[in-house]
Amino acid sequence: MTYVPCALTIAGTDPSGGAGIQADLKTFQELKTYGMSVITSVVAQNTTGVQDINHLSVAFIEQQLESVFSDMPVHALKTGMIANEAMMRAVAARLASVDAAYVMDPVMVATSGDSLIDEEARQFLKKELLPLTTIVTPNLPETEFITGRKIETTEDMKDAAAFIVDELHAGAALIKGGHLQGEAVDFLYDGHQIHMYSEERIPTKNTHGTGCTYSAAITANLSKGLPLHEAVRQAKRFVTAAIRSSFDIGSGNGPTNHWASRTKEEQRSE
Ligand SMILES: Nc1ncnc2c1ncn2[C@@H]1O[C@H](COP(=O)(O)OP(=O)(O)OP(=O)(O)O)[C@@H](O)[C@H]1O
Ligand SMILES: Cc1ncc(CO)c(N)n1
């Protein structure tokens, strides 16, 4: 039987297609993995912000998890928006018995600035979910929350990555510098060494869903069995290409373009 890499996302939705579950599934598909999704909250949002949120019940989230795990292989999974502590407890209980790479995108606020999870969920994420991760991928505000430190320089980013692994027991930490000035530089600490991923900053406001797309690409690459550093390296290339050819659609922060990383040959043969 051929091996099909299977990737799962546990997250909220974006009907405008740029972030959340929709961005994750598009990314899984582009990276030639079999994509699956468990929805935590249905979010009415678009490029301008979040208009409303409808949370699914904990029992229904548990049922979705059971439907997937009782029947399907999962080689890697990611979590995105998990709005409250009760939902997080249900996910944590399932993760404890799952043997798959776990990528946590510690989603707290949308690109627009709208809050997506409550205060108790933030605390639970830091104390209970972090130690279960293969890798956590915070942006700068999320890193400041998780570490309780101000992050202003690349040195601060490297120190934060080490702190999150050594003191808070994440498997690895990728600190994303999308919110800094200058080069778009990210640092990975895997418990042994620091890796740096740096790309030219693209002058665009169209960054809706970049964090979702990046963590989904890492998840897809891990489901294929790539080592962590290589999974992140290829994902950084993918998200940079997606930002470079992002869409100027909608009147706010436009979405990334998930098919941008296809080679010319691949695009021609379609
Ligand atoms: N303008 C840009 N040009 C190039 N790379 C960028 C730009 N903005 C962000 N990135 C890169 O995109 C990736 C996602 O980082 P970012 O810090 O924006 O995530 P995020 O804040 O979690 O995203 P989101 O807006 O979805 O919440 C990182 O690799 C970051 O370095
Ligand atoms: C559902 C969801 N998850 C994550 C983000 C962060 O971009 C968002 N805007 N929406």
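Residues numbered from 1 in each chain as written. Chains lettered and ligands numbered in written order. Predicted model: local features only at pLDDT ≥ 70, side-chain atom pairs only at ≥ 80, totals over all residues. Heavy atoms only, no water.

As annotated in an unreviewed UniProt entry, the protein chain carries the name Hydroxymethylpyrimidine/phosphomethylpyrimidine kinase and is attributed to Oceanobacillus kapialis. If you open the UniProt record of the protein chain and go to Sequence similarities (unreviewed entry), you find "Belongs to the ThiD family." (UniProt positions renumbered as here; feature names shortened; annotations may be inferred.)

Caption draft 1: Quick peek at the site of ligand 1. Thr-111, Lys-176, His-179, Asp-186 and Ile-202 are the nearest of the 17 residues found near ligand 1. With respect to ligand 1, the side chain of His-179 contributes an N or O atom lying 2.8 Å from an oxygen atom. Between an oxygen atom of ligand 1 and a side-chain N or O atom of Asp-186, the distance comes to 2.6 Å. Protein burial of ligand 1: of its 630 Å² of free accessible surface, 93% is covered by the chains. Elements with a minimum of two residues in the shell around ligand 1: strand 9 (184–189), helix 7 (210–223) and helix 8 (228–244). Among the elements that line the shell around ligand 1, the one with the most residues is helix 7, at 3 residues. (Near = heavy atom within 4 Å. Polar contact = N/O pair within 3.5 Å; in protein donor to acceptor, adjacent residues only side chain to side chain. Areas by Shrake-Rupley, 256 points an atom, 1.4 Å probe, with all protein chains shown as cover. Helix = DSSP H or I, 4+ residues; strand = E, 2+ residues; numbered from the N terminus.)

Caption draft 2: Molecular detail of the packing of aromatic side chains. In total, this model carries 1 aromatic pair according to the counting rule given. Aromatic pair Phe-247 and Trp-259: ring centres 5.6 Å apart, planes at 65 degrees, arrangement edge-to-face. One end of the pair, Phe-247, is in the loop between helix 8 and helix 9 (264–268); the other, Trp-259, is in the loop between helix 8 and helix 9, with 12 residues separating them in the sequence. Look at Phe-247 and you get partly exposed, because its relative accessible area is 28%. Between Arg-122 and the ring centre of Phe-145, over which it is positioned, the NZ or CZ distance is 5.8 Å. Here the basic side chain of Arg-149 rests over the ring of Phe-163, its NZ or CZ set 4.3 Å away from the ring centre. (Phe/Tyr/Trp six-rings, centres within 6.5 Å; stacked < 30°, edge-to-face > 60°. Buried < 20%, exposed > 50% of the residue type's maximum accessible area, 1.4 Å probe, protein only. Lys NZ or Arg CZ within 6 Å of the ring centre and 35° of its normal.)

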